[in-house]
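Structural overview for review
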Amino acid sequence: MPTPPQQATPAPAVPGAPAPAQPPVQQATPAPAPGTPDATATLAPGTTDPSGADEVMLTSKPVASLKGAANWDGGFVKIQAALLIIRTELNKAKIRTAGRPLTVFLSSDDDKFNFEAMIPIDPATDMATQLGSEVKLSQTPAGKAIRFGHKGAYDNIDETYEVLTAYLDAKGIEAKDAFIEEYLTENLAPSDENFELQIYVQPK
């Protein structure tokens, strides 16, 4: 019959020798404490896979916002600059953020577009608070919406809008003119392939 395997005898400790390395302990990302705004919250719960579309319900949330206009060429850089101005004003006023930054596209033509950059804020904020740099306190759009995901360079966002348009046409859905982009990643160049966002379209 096979010989039973011998149990290894642990080597005696050597005085002054370093302790064997222990595997690192994985720390779970702590959930926000009760009553603390969640800066990673999205307009509707969860996220949408880039290959699909979800029907969601948007509830109105308080935001700090800044309106602007830009040409299509390099327009996202202007959006990023507007979001930076908003964050600067929120920090000055010690107002906490409570969600992902977003942009509502208000109108457009072949050359340029008008937008409103927004950052959700703590619901406990006094909405009469005055901020500088033309930043205002307002509310996000509310109601039914269809959410599309995009992952990849922002420079290729037109591909996702083509999918979005085809989806609406196939379903016979007429959408409002104001599209909403919600940014799941920040401070990335428009050409960065790690860029991730969600687009919300509201039916008329």
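So, here is what we can say about the structure in this document. (Residues numbered from 1 in each chain as written. Predicted model: local features only at pLDDT ≥ 70, side-chain atom pairs only at ≥ 80, totals over all residues. Heavy atoms only, no water.)

A few points about the overall build of the protein
Defined as follows: Secondary structure counts use DSSP, requiring at least four H or I residues in a row for a helix and at least two E residues in a row for a strand, with both numbered from the N terminus. Exposure classes here rest on a 1.4 Å probe applied to the protein chains alone. A residue is buried below 20% of its type maximum, exposed above 50%, and partly exposed in between. Here, two residues are considered to be in contact whenever any of their heavy atoms come within 4.5 Å of each other.
Scanning the protein from terminus to terminus reveals two helices and eight strands. Listing the helices and strands of the protein from first to last along the sequence gives β-β-α-β-β-β-β-α-β-β. Counting every position in the protein, which comprises 204 residues, the buried fraction comes to 36%. Taking contacts inside the protein between residues at least 6 apart in sequence as the whole, the part at least 24 apart equals 73%.

Some remarks on unusual backbone geometry
Positive phi outside glycine occurs at K94, with the angle close to 55 degrees. Residue position: K94 is located in the loop between α1 (75-93) and β3 (102-108). Accessibility expressed as a relative area gives 72% for K94, which makes it exposed. The backbone of N187 sits at a positive phi, close to 60 degrees, despite the residue not being glycine. With respect to the helices and strands, the residue N187 is situated in the loop between β7 (179-183) and β8 (196-201). Among the residues examined, N187 registers a relative accessible area of 75% and is labelled exposed.

A word on the layout of surface pockets
The following threshold applies: Put plainly, a pocket is an open set of points on a 1 Å grid over the protein atoms alone with protein on both sides within 12 Å along at least five of seven lines, a cavity is a set where a 1.4 Å probe fits but cannot get out, and a lining residue has an atom within 4 Å of a point. Grid points are joined across faces, edges and corners, and a volume is the space filled by probe spheres set on the points. Amino acids are sorted into nonpolar (Ala, Val, Leu, Ile, Met, Phe, Trp, Tyr, Cys and Pro), charged (Asp, Glu, Lys and Arg) and polar (every other residue, Gly among them).
Here the largest pocket is characterised by a volume of approximately 640 Å³. Taken together, 27 residues form the lining of the largest pocket, with W72, F105, I157, D158 and Y161 sitting closest to its centre. At the level of secondary structure, the elements contributing two or more residues to the lining of the largest pocket comprise α1, β3, α2 (157-171) and β7. A total of seven residues in the lining of the largest pocket trace back to one element, the largest contributor, which is α2. The residue makeup of the lining of the largest pocket, split by class, is 16 nonpolar, five polar and six charged. In this structure, the second largest pocket encloses a volume near 200 Å³. F76, Q80, L83, L84, R87, P101, Y183, T185, E186, N187, L188 and F195 together form the lining of the second largest pocket. No other element matches α1, which puts five residues into the lining of the second largest pocket. Of the residues in the lining of the second largest pocket, the class split is seven nonpolar, three polar and two charged.

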